[in-house]
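These are the residues of each chain, in order.
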Amino acid sequence: MERLISIGERLQKLLDEAESEAETKVAEAQKMANEMVTQAKSEAENRRIRAQRGDGIEDFIVAEEEKATKEASKILEDYQQKAEAVKNVETERFEKAIRIIMREVLPE
Amino acid sequence: MTPDSMDLEARLIDRTVDRRNEIITEAEKRAETILKAAEGECKRISEDSDRQILNVVSSELRAVRDRIIGNAELEGRKILMQAREEAISSVFKEAENQLWRIAEGKNEAVNYAEVMSKLVTEAAKAMGGDVFIVSANERDLQQLKKVLSDLNDKIKEILGGGVIRLDERPTAIMGGVIIRNEDETKIYHNTLEGRLRKVRSGFEAEVATALGVI
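Reading guide: rules and limits
- Residues numbered from 1 in each chain as written.
- Chains lettered and ligands numbered in written order.
- Predicted model: local features only at pLDDT ≥ 70, side-chain atom pairs only at ≥ 80, totals over all residues.
- Heavy atoms only, no water.
- Helix = DSSP H or I, 4+ residues; strand = E, 2+ residues; numbered from the N terminus.
- Contact = heavy atoms within 4.5 Å.
- Buried area = accessible area lost by both parts, 1.4 Å probe.
- Salt bridge = Lys/Arg side-chain N within 4 Å of Asp/Glu carboxyl O.
- Axes fitted to C-alpha atoms, helices over the stretch in contact; angles between N-to-C directions.
- Parallel < 35°, antiparallel > 145°, perpendicular 65-115°, else oblique.
- Left-handed = near helix turned anticlockwise from the far one by under 90°.
- Nonpolar A, V, L, I, M, F, W, Y, C, P; charged D, E, K, R; others polar.
- Buried < 20%, exposed > 50% of the residue type's maximum accessible area, 1.4 Å probe, protein only.

J.: I would appreciate a short explanation of unusual backbone geometry in the present structure.
T.: It is generally the case that most residues other than glycine have a negative phi and that most peptide bonds are trans. Even without glycine at this site, Glu184 of chain B takes up a positive phi of about 60 degrees. In this fold, Glu184 of chain B is placed in the loop between strand E3 (176-180) and strand E4 (187-191).

Here is the structure:
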């Protein structure tokens, strides 16, 4: 019986140590999490202040330029398609335009 | 030690080790959850920050966008305008070719002698006066000589008087006439190329509409 009690104490100690280790793990994680959030807040605030001063906005400018350049490329493509359509005038329309010109150039 | 007590001891150890492992695993899971939540929070903070910065720099970004899109719109409209201009020019070029064929008498569907007669009377009517000196190219001068008498009769009929004289020096024009009065204070260009130019400046919109390029 004494032996069992002795083992019981040792096992309880093992559990206590596990609880302590668990608390440490959670506390470390919490500490790390707090540091991460604090750092993120600090960086965000610094970026905001720098942006107000006009610094550190290059990334936004580059991103906006890339976005606008893609849009511009699409706009140009649309105009080029329209231009191609304009160049390929139908024969009927071409002849009608000629008739208008000749009607005005030649006296009635 | 009895076998029963040894078994009891072994089960106690097993249960305790299992519990210990559970405690550590739970703690690791909680730690992982905490770190994941922190990562999420950091991401949210960063996104909020991006939004705030975007608000701050929105006018600059708008300027960047307006510059790039504006240039593309400008370039695009230029390309389209050039294409329209090419289409319109090709029609006027073809009209010019047809006028050359008419002036050279190669288009049987058009009575060029009648066209010339109308060009002369139209110009004389617009100028008014008594004497009309008519310049034309060599080919048209020969034609006008043949119908000069008829033309004079027509002028008298329309204006109640007046005389047409031909300038014997040929002019380098496609067709039609240039008429001046005797003291050269009035001059009226009624050439085919001149009329074509006038049509181009006055009827380009109508031509563009007919072409479907407006």
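What follows picks up the thread again.
J.: It is not clear to me how the interface of chain B and chain A should be interpreted in this structure. Could you clarify?
T.: On the chain A side, the residues contacting the 73 residues of chain B number 57 residues. For the pair chain B and chain A, the summed buried surface comes to about 6000 Å²; carbon and sulfur atoms form 79% of the total. Linking chain B with chain A are six salt bridges, by the criterion used here. Its salt-bridge partner being Glu206 of chain B, residue Arg103 of chain A comes within 3.1 Å of it at the nearest N-O pair.

J.: What is the right way to read the packing of helix H2 (residues 58-87) of chain A against helix H1 (residues 3-103) of chain B from this model?
T.: Geometrically, a packed helix pair is captured by the angle between its two axes and the distance between the axes. Between H2 of chain A and H1 of chain B, whose axes approach to 8 Å, the crossing angle comes to 20 degrees. Considering their axes alone, H2 of chain A and H1 of chain B lie roughly parallel with respect to each other. The chirality of how H2 of chain A crosses H1 of chain B is right-handed. Along the lines of polarity and charge, the residues of the contact of H2 of chain A with H1 of chain B split into 20 nonpolar, three polar and 14 charged.

J.: What is the right way to look at the pattern of salt bridges in this model?
T.: Oppositely charged side chains can form a pair if their charged atoms are brought close together. Residue and element names in this part refer to chain B. All told, the structure shown has 32 salt bridges over all chains when counted by the stated rule. With its nearest N and O atoms 3.8 Å apart, the salt bridge here joins Lys93 to Glu96. Here Lys93 and its partner Glu96 are both found in helix H1, three residues apart, which amounts to about one turn of the helix. Overall, Lys93 belongs to the partly exposed group, its relative accessible area being 45%. A residue is classified by how much of its surface remains accessible, and Glu96, at 25% relative accessible area, is partly exposed. In this structure, Lys106 and Glu104 form a salt bridge, with 3.1 Å as the shortest nitrogen-oxygen distance. With relative accessibility at 59%, the residue Lys106 sits in the exposed group. Judged by relative accessible area, Glu104 falls into the partly exposed class, the value being 34%.

J.: Is there a simple way to explain the environment of Leu148 of chain B in this structure?
T.: All names here are of chain B. Inspection of the secondary structure assignment puts Leu148 in helix H3 (residues 138-159). Residue Leu148 is classed as partly exposed on the basis of its relative accessible area, which comes to 23%. Spatially, the C-alpha atoms of Leu148 and Leu166 are 8.5 Å apart, while their sequence positions differ by 18 residues. Not counting chain neighbours up to four residues away, the residues in contact with Leu148 comprise Ile164 and Leu166.

Take it as geometry only, folks, not as evidence of what the structure does.
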